Amino acid sequence: VGIELKTTGIKISPKKKQWGAKERLSFSMINYNEVYKEVWENSSFLSKNKRLLIIFYLYIEVAKELDSEIVFHKFLDLLDRESSVDIVQIEKDWNFIINKIKQGLAHELSEGDTSYLGAATKGSSGATTSQPFSDIPAKTRAFALKQSYFTAIVRQFQNEKIEGESLFKDSKKPLSIEEFIKEKLSPYFGKTEEELANELGIAISQPNPQKQLRRQIIDKILGLRGGKTKVIEFTKSQTTLKVIKLEENGRLVESISFPTFKYLDLIEQEWLESDFYNDLTSGRFLFIVFRKKGKTAVLEQFKFWTFPEERLEFAESFWRRVVSQIEDCCKAEDLPGLADNDIMHIRPHTTKGSTNKTPCGDEERTQSFWLNNTFIRTIFD
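Description of the structure in this document. (Residues numbered from 1 in each chain as written. Predicted model: local features only at pLDDT ≥ 70, side-chain atom pairs only at ≥ 80, totals over all residues. Heavy atoms only, no water.)

When its secondary structure is counted, the protein shows twelve helices and 17 strands. Its C-alpha radius of gyration of 22 Å places the protein within 12% of the 21 Å reference for a compact globule of 381 residues. A principal-axis box enclosing the C-alpha atoms of the protein has dimensions of 65 × 55 × 50 Å. Scored against the burial criterion, the 381 residues of the protein give a buried share of 47%. For the protein, the share of sequence-separated contacts (at least 6 apart) that also reach a separation of at least 24 residues comes to 70%. When the accessible surface of the protein is totalled, it reaches about 20100 Å², and 48% of it is carbon and sulfur. (Helix = DSSP H or I, 4+ residues; strand = E, 2+ residues; numbered from the N terminus. Rg over C-alpha atoms; globule rule 2.2 N^0.38 Å. Buried < 20%, exposed > 50% of the residue type's maximum accessible area, 1.4 Å probe, protein only. Contact = heavy atoms within 4.5 Å. Areas by Shrake-Rupley, 256 points an atom, 1.4 Å probe, with all protein chains shown as cover.)

Glancing now at a negative patch on the surface. A grouping of Asp 265, Glu 268, Asp 275, Glu 327 and Asp 328 is seen on the molecular surface, where their side chains present a negatively charged patch. Residue classification places Asp 275 among the partly exposed positions, given a relative accessible area of 49%. (Patch = residues over 30% accessible without salt bridge, like charges linked within 9 Å, V, L, I, M, F, W, Y side chains within 5 Å. Salt bridge = Lys/Arg side-chain N within 4 Å of Asp/Glu carboxyl O. Lys, Arg positive; Asp, Glu negative; His and termini not counted. Charge placed at Lys NZ, Arg CZ, Asp CG, Glu CD.)

With that settled, the discussion passes to the sheet that holds strand β5 (residues 70-77). With mixed pairing, the four strands of this open sheet are ordered in space as β2-β1-β4-β5. Each of the sheet's edge strands pairs with one partner strand only, and the pair in question is β2 (19-21) and β5. Strand after strand, the sheet turns through a mean of 35° between neighbouring axes, direction not considered. The sheet contacts of helix α4 (residues 147-157) involve β1 (4-12), β2, β4 (51-58) and β5, and relative to β2 the element is tilted by about 145°. (Pairing = 2+ DSSP bridges. Axes fitted to C-alpha atoms, helices over the stretch in contact; angles between N-to-C directions.)

Each regular strand carries side chains that alternate between the two faces of the sheet. Of all the ten residues making up strand β12 (residues 284-293), seven are buried; the element is thus mostly covered by neighbouring parts of the structure. Of the pairings in the sheet, the one linking strand β10 (residues 239-246) to β12 comprises eight bridges and is parallel in character. Note on β12: the bridge partner recorded for Ile 244 is Val 289. Between the end of β12 and the start of strand β13 (residues 296-305), which pair antiparallel, lie two residues, with Gly 294 showing a positive phi angle near 65°.

Before going further, it helps to examine the sheet that holds strand β9 (residues 141-145). Here three strands make up an open sheet; going across it, the order is β3-β9-β6 and the pairing antiparallel. Both edges of this open sheet fall to β3 (25-29) and β6 (117-121), since each of them pairs with a single strand only. Averaged over all pairs of adjacent strands, the angle between their axes in this sheet comes to 40°, without regard to strand direction. Contacting β6 and β9, helix α3 (residues 84-102) runs over the sheet at an angle of about 45° to β6.

Time to look at the packing of aromatic side chains. Each aromatic ring pair is specified by the distance between its two centres and by the angle formed by the two planes. Inspection of the entire model under this criterion finds 28 aromatic pairs. Both rings, one in Phe 287 and one in Trp 305, keep their centres 6.2 Å apart while their planes meet at 50°; by these two values the pair is tilted. Highlighted residues: Phe 287 in strand β12 and Trp 305 in strand β13, separated in sequence by 18 residues. The burial state of Phe 287 is the same as that of Trp 305; both residues are buried. Ring centres 5.9 Å apart and planes at 80° place the aromatic pair Phe 287 and Phe 380 in the edge-to-face group. Here Phe 380 lies in the segment after α12 (373-377) and Phe 287 lies in strand β12, a separation of 93 residues in the sequence. (Phe/Tyr/Trp six-rings, centres within 6.5 Å; stacked < 30°, edge-to-face > 60°.)

Quick look at the nonpolar core now. Counting residues in each nonpolar core, the largest one holds 65 residues, and the members touching the most others are Ile 90, Ile 101, Phe 143, Ile 181 and Ile 218. With six residues, α3 is the largest single contributor of residues to this core. With residues near it in sequence (within four places) discarded, Ile 218 still touches Leu 185, Val 243, Ile 288, Phe 290 and Leu 299. By size, the runner-up hydrophobic cluster in this structure holds 36 residues, among which are Ile 267, Val 289, Leu 312 and Ile 376. (Core = buried A, V, L, I, M, F, W, Y, C linked by side-chain atoms within 4.5 Å.)

Bringing the state of the cysteines into the picture now. Enumeration over the complete set of coordinates arrives at one disulfide. Residue Cys 329 pairs covalently with Cys 360 via a disulfide, S to S 1.5 Å. Judged by the torsion about the S-S bond (-80°), the Cys 329/Cys 360 disulfide is left-handed. Separated by 31 residues along the polypeptide, Cys 329 in the loop between α11 (312-327) and β14 (344-347) and Cys 360 in the loop between β15 (355-357) and β16 (363-365) bring together distant segments of the chain. Exposure remark for Cys 329: the relative accessible area of 39% places this residue in the partly exposed category. (Disulfide = S-S within 2.5 Å.)

Turning next to the side chain of Gln 131. By secondary structure assignment, the location of Gln 131 is in strand β7 (residues 128-131). For Gln 131, the side chain forms a polar contact with the side chain of His 107, separated by 3.0 Å. With sequence-adjacent residues up to four places away left out, Gln 131 is seen in contact with Tyr 32, Asn 33, Gly 104, Leu 105, Ala 106, His 107, Ile 136 and Ala 138. (Polar contact = N/O pair within 3.5 Å; in protein donor to acceptor, adjacent residues only side chain to side chain.)

As C-alpha cells, then:
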C-alpha cells in the first residue's frame, strides 16, 4: 500500500512536561555511487518514505525493549497540504546532499549542512565507503529527519502548539529557509545602520547599544517580533542566529558560545552521544554580518555555517580533556581558556552567574564551550 512503517522513542521533558523525540528518525543508507543519478521527484528516498506510519513508544533508559509502552501512532504524509512548507525545505536539503556527492565532497558531508533532512552518520564508529567522484573514503551515512525537526512533529501530533513565530507569513510562496533569508536580506546589503534604521522605522535612542540596534534591524527585515521570541523554523532546523560585526580589517572581537553545561551531566556522556557533539554536527549557525565603516557599520553578508567535519577529531580530543579535568576536580577557572588553542575554549557567559555541583562535591561556576573569535573569523575569508 506504499506505506513505510517506523518505530521511534519519545521522551518527556521533566521541566515543561512536553513530548520530545529521543533521537533523529533515520531512513535508508545513502548509496553514494547510485543516489547521485536520481532526481528528487523520482528519488528512492521520496518514493519509499513519502507516506509513513510511525509508532511512538515511551523511551525509558533502564527498561527492556519489550517493556516499552506504546503511547500513540500517527500517519505522516510528507506531500500533503499540511507539510507543504516543510517539503520545500526537505527537497532543498536532499538536493544539497546530492550536489555535494556530485562535487566529490561526500567525505565533507555533515548533518549540520542542512535544515530538516540530514545526512547522519550510520554504522560502526569510523566506518567509511567509496564515493563516485573522489578517491577519498567517506563516512557511511543515512538520510534522517533531524531530532529537532522530529520533536516539532511529535508535539504537533500531540496537539501541542509549537512555541514561537514563523518566518513564512505568506504560505502562497513556499521557500526554503535559505531562499527566504537571501530574498529578505539582499536588498539591504551595503546600507549603514543609520540608513537601515530610518528606512525600517526604528528609532535610534541615545544611548542605544549598537549590538542591540543591529539585531533590531535584522528582526525587522525578517519580519520578526524580536526579543526572546523563538523562530519556529530555526528551532526545527537547530539553527542559531548570530548578528556579528567585523572590524574594518576583518577582525572579530566576540567569540561564539554554546549552551551551558552541568558538570555531573557532562562526565556521564559519551562523545558520540554528548550534547556538544550534537551541537557541532547537527546544529548550525546563521551569521549575519555587519562590517565597521568609520563610525558606523554596513550590512555586508550572511552565511549558514556548521562546524567542519575535519575539525571533529580535535573537538573530541578537547572535549575528552575537559571531561578528564572535571573528573580530577579541576577548578572552573583552570579549564582550557581562550589562549589554550586556536579553535575552542571554556568560560562562563558572564562575570556573575550560576553554579552547579562538580564530581568532587564542590560548587563551581557554570561554564560553556566557546568557539574562538579568531576561528570564526576564518569563515569569512
